[in-house]
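Notes for the structure review
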Number of protein chains: 2
Amino acid sequence: MSQPIPPGSGQHQVTTKKYTFAPRMAKTPKSFIREILKVTEDPRIISFAGGLPSPALIDVDNIAAAAASVLAKDGRTALQYSTTEGYRPLRQFIADRYRKRLGLEISPDEILITNGSQQCLDLLGKVLINKGDHIAIERPGYLGAIQAFSLYEPGFHPILLHEDGPDPAQLADCLLKFPVRFFYGIPNSQNPSGITYSEERRREIAGILEKSDALFIEDDAYGELNFAGKSLPSLRQFIPEQTIITGSFSKILAPGMRMGWVVAPPAIMEQLVIAKQASDLHSNYLCQRIAAEYLQNQNIDAHIEKIRASYRKQRDVMINCMQDLFPDTVSFTRPQGGMFIWVTLPEGISSMKIFDAAIKENVAVLPGSPFYVDGGGDNTLRINFSNSTEDKIRTGIERLASVIRKQSQS
Amino acid sequence: MSQPIPPGSGQHQVTTKKYTFAPRMAKTPKSFIREILKVTEDPRIISFAGGLPSPALIDVDNIAAAAASVLAKDGRTALQYSTTEGYRPLRQFIADRYRKRLGLEISPDEILITNGSQQCLDLLGKVLINKGDHIAIERPGYLGAIQAFSLYEPGFHPILLHEDGPDPAQLADCLLKFPVRFFYGIPNSQNPSGITYSEERRREIAGILEKSDALFIEDDAYGELNFAGKSLPSLRQFIPEQTIITGSFSKILAPGMRMGWVVAPPAIMEQLVIAKQASDLHSNYLCQRIAAEYLQNQNIDAHIEKIRASYRKQRDVMINCMQDLFPDTVSFTRPQGGMFIWVTLPEGISSMKIFDAAIKENVAVLPGSPFYVDGGGDNTLRINFSNSTEDKIRTGIERLASVIRKQSQS
């Protein structure tokens, strides 16, 4: 990074100034993913490290048509300041979709449009976390949430994730021992593990939360990407007043528009709107209008089915390759949806070493340890299948398998 | 606001749940402006209360052409995830413009794209303010900044604003007595007062800050809207390592795209990027690309000159009406740029009463007291001239003058 430059000189100068930052900054993990993604920008590298949707599945032409239509019909309004809550027809669309998909009755007044669902986490941190407050998170937990919440300086309680969801006894124990503000989780195709909570486990977790004052923050970025097409219930169905849902158009429409939303009971929504206004007044209104126009005129169900079919195939190819080529000592999840497979190497094999060796073979993976707030996970990897073609998946997993075999033998 | 709804019932239900919020929320003033703007949505009302650019001066056709071009040429990339720092050619454009307009040498690496300049304030709060830290702000000060910073729970030190800038003695005294983290100010056409710091006062303020560890946050939302076309120096020219600049395309391009930026020395920028990533990953990439495309192909100088000419005329009409119609006991600023005039009523006349009486006459003004962090300002008003036609300005000021005369007599 360049140095600050004295006025008018056109010359760079060495900085002498020392700055003091708020202590919260020291508590926020610098994104390891971000650093890794820089390494993987080389086009020769097959990258399973990121979390990008398939570019082929972005409906560019119809989004362009929606943009042209909005700007032609109502450009002067679409480009002006707007309300903090967001464009009401878009919020109505989201509410209608919850009714249709999950049988949830949600008012548009309970929905706030955000800059991707990542911003929901920042706003929820603002509204709910005082320094030192206790919060619970899955183990492994979503790194973006760990980063967002860390800025508000909570204490994290990791709750072990099994194949069918979070450990109920551990959650119950944690809620008993600590005044936990909320439990943050991703019930559908969790990031990073790829696991989906079973319906039974959802009821159980809801029952445990209901006996406490803790809220459930249900991050549902991947709920539409369930490959079997069967939606499992939101915890809002069981504990409506304790559940906050975050959602995103990034995985079904386009991430570059940064369109997400948060659903919260009215008393919480009132605070979220104040926090949102202080944070950036309102989300990009032009893109809200484009998204609404697109959703009104296109068949989003057909588009989502296309994404599901493609990712399902990509997952199958990857799982088959892993089954054929990985040593038996390596285990991995078989996700029902989403974008990630979670790989567990034999104890003692360092995923950082695998990362380094794999990069030399032009394949990038994501070491799992940053997803553990309490350390550990050194032998885990997150592998993305949504952003690679089937050919690249085959080639990449072949190379990765060879790297793992070599490391296992050394 | 509606109540939360039990699952599947389709019925609204009374909330029984009590929620606890982070203490910071109680310290954040709910936007009075926001409440007022709701009142003024009635199209019969002539509103001087908001801070919107003139809709007639949004270059819709050329923005639509830029959008079409970006989506046709590179839609798949423009709609994908992108880097936290922002689109480099846009950052390069901003850097080049600082060189051209202010003679400042700024590297694109020192520029981060944000969701309007409001988000800069949130990010700077995150990075710089620990609970209880001291910060200084103009008196009256920008309400959006008061709201954004309040979420990080600082102590505010208001510094009196004169016609030529902040009171130097008061600032020096404050920096001597308290370990102030930063002084936040708007040197060009300040919001709400409309005043512009003189060149002499800029040097003086910089000299005072230089002797301390305090930073200067220079909010430059209105720098391009200087009606005489003469730019006064940024404080970065005098104290480059202590100056952070925030900028915005909202006033020269379109607010609905939520495009702003922050300029900071590298060590601070590094922290801002971490905070930005945790807050929302990156700003709307599609609109960054549209803005860059527009700026590359259109003559922004000619467009800005058009805005300046129009607002200058609107200001002149408003000032002339005020001179002709307001009682002599009422004083007001004569802004050299920007969008606002600051009106001071005789002591004892409540601007809240003026607001109420004016609304009955279908004209809306903004009472000034929310701009005072330490109370006071009950006899002040912020009047916007950018969002009304000359005819509406004449009619609105006539009505307002009549309301003020009546209140002065009662």
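Residues numbered from 1 in each chain as written. Chains lettered and ligands numbered in written order. Predicted model: local features only at pLDDT ≥ 70, side-chain atom pairs only at ≥ 80, totals over all residues. Heavy atoms only, no water.

Side note on the relation of the copies chain B and chain A
- Of the two same-sequence chains, chain B is brought onto chain A (RMSD 0.0 Å, axial shift 0.0 Å) by a rotation of 180°. Between the two chains, the operation in question is that of a two-fold axis.
- Both copies contact each other with a shared surface, as 97% of the interface residues of chain B are interface residues in chain A too. (Least-squares fit on C-alpha atoms with pLDDT ≥ 70 in both. Contact = heavy atoms within 4.5 Å.)

Brief notes about the pairing of strand S6 (residues 180–185) of chain A
- Along S6 of chain A, six of the six residues are buried, which leaves the element largely enclosed by surrounding structure.
- After leaving S6 of chain A, the chain enters helix H8 (residues 199–210) of chain A and then returns to the sheet as strand S7 (residues 215–219) of chain A, a path that is right-handed. (Buried < 20%, exposed > 50% of the residue type's maximum accessible area, 1.4 Å probe, protein only. Helix = DSSP H or I, 4+ residues; strand = E, 2+ residues; numbered from the N terminus. Right-handed = clockwise from strand over helix to strand, strands pointing away.)

Concerning helix H7 (residues 168–177) of chain B
Residues and elements named next belong to chain B.
- Those residues of H7 that fall on the buried side of the exposure criterion are Pro 168, Leu 171, Cys 174 and Leu 175. One side of H7 holds all its buried residues, which, seen down the axis, span an arc of 130°. Facing away from the buried side of H7, by more than 90 degrees, are the exposed residues Ala 169, Leu 176 and Lys 177.
- Summarising the contacts, the buried residues of H7 are in contact with strand S4 (155–162), strand S5 (165–166), strand S6 (180–185) and helix H8 (199–210).
- Two or three places before Ala 169, at the opening of H7, Asp 167 has a side-chain oxygen 3.2 Å from that residue's backbone nitrogen. (Arc of directions from axis to C-beta. Polar contact = N/O pair within 3.5 Å; in protein donor to acceptor, adjacent residues only side chain to side chain.)

So, the interface of chain B and chain A
- Contacts between the two partners involve 106 residues from chain B, matched on the other side by 103 residues from chain A.
- Roughly 8700 Å² of surface becomes buried between chain B and chain A when both sides are summed, with 60% attributable to carbon and sulfur atoms.
- Three residues, Leu 79, Tyr 81 and Glu 241 of chain B, lead the burial of chain B against chain A; their summed loss comes to 8% of the area buried on that side.
- Asp 213 of chain A is the partner of Lys 17 of chain B in a salt bridge, and the nearest nitrogen-oxygen pair spans 3.8 Å.
- At the surface where chain B touches chain A, the tally comes to 42 residue pairs in polar contact (both at pLDDT 80 or more).
- When contributions to the side of chain B that touches chain A are tallied by element, the ones reaching two or more residues are helix H1 (23–26), helix H2 (32–39), helix H3 (60–78), helix H5 (116–128), helix H6 (143–150), helix H9 (266–280) and helix H10 (285–297) of chain B.
- With 13 residues, the single largest contributor to the side of chain B that touches chain A is H9 of chain B.
- A per-class count over the side of chain B that touches chain A returns 51 nonpolar, 34 polar and 21 charged. (Buried area = accessible area lost by both parts, 1.4 Å probe. Salt bridge = Lys/Arg side-chain N within 4 Å of Asp/Glu carboxyl O. Nonpolar A, V, L, I, M, F, W, Y, C, P; charged D, E, K, R; others polar.)

Describing the confidence of the model for chain A
All names here are of chain A.
- Considering every residue of chain A, the mean pLDDT works out to 93; 94% of them sit at 70 or more.
- Across residues 1–14, where pLDDT falls below 50, the model places 37 contacts with residues more than four positions away in sequence or in other chains.
- In the predicted complex, the global pTM is 0.94; the interface-specific ipTM is 0.94. (pLDDT = per-residue confidence, 0-100.)

Notes on the sheet that holds strand S2 (residues 111–115) of chain A
Residue and element names in this part refer to chain A.
- Taking strand neighbours across the sheet as the criterion, the eight strands line up as S2-S9-S8-S7-S6-S3-S4-S5 in an open arrangement whose pairing is mixed. The strands lining the two open edges of the sheet, one partner per strand, are S2 and strand S5 (165–166).
- The sheet contact formed by S7 and strand S8 (residues 243–248) spans four bridges and is parallel. Pairing of Ile 217 across the sheet is with Ile 244, part of S8. (Pairing = 2+ DSSP bridges.)

A word on the sheet that holds strand S14 (residues 380–384) of chain B
Residues and elements named next belong to chain B.
- Taken in spatial order, the four strands make up an open sheet running S10-S11-S14-S13, and their pairing is antiparallel. Two strands in the sheet have a free side with no partner beyond their single neighbour: strand S10 (331–332) and strand S13 (366–367).
- As defined by bridge partners, S13 adjoins S14 across two bridges and the pair is classed as antiparallel. Residue pairing across strands places Leu 366 opposite Arg 382, the latter belonging to S14.
- Across the sheet, helix H11 (residues 300–325) touches S10, strand S11 (340–344) and S14, and the angle it forms with S11 is around 15°. (Axes fitted to C-alpha atoms, helices over the stretch in contact; angles between N-to-C directions.)

Topic: the state of the cysteines
- The final tally for this structure, using the stated rule, is zero disulfides over all chains.
- In this structure Cys 120 of chain A is not part of a disulfide, and its nearest cysteine sulfur, from Cys 287 of chain A, lies 16 Å away.
- Relative accessible area serves as the criterion here: at 1%, Cys 120 of chain A is assigned to the buried category.
- Of the cysteine sulfurs around Cys 287 of chain A, a residue in no disulfide, the closest is that of Cys 287 of chain B, at 3.9 Å.
- Relative accessible area serves as the criterion here: at 0%, Cys 287 of chain A is assigned to the buried category. (Disulfide = S-S within 2.5 Å.)

Describing the packing of H3 of chain B against H10 of chain B
Residue and element names in this part refer to chain B.
- Here H3 crosses H10 at 125°, and the two axes come no closer than 8 Å. Between H3 and H10, the angle falls in the class oblique. Here the hand of the crossing between H3 and H10 comes out right-handed. Counted together, Asn 62, Ile 63, Ala 66, Ala 67, Ser 69, Val 70, Leu 71, Lys 73, Asp 74, Thr 77 and Ala 78 of H3 and Tyr 285, Leu 286, Arg 289, Ile 290, Glu 293 and Tyr 294 of H10 form the full contact between these two elements.
- Split by residue class, the contact of H3 with H10 holds 10 nonpolar, three polar and four charged. (Parallel < 35°, antiparallel > 145°, perpendicular 65-115°, else oblique. Left-handed = near helix turned anticlockwise from the far one by under 90°.)

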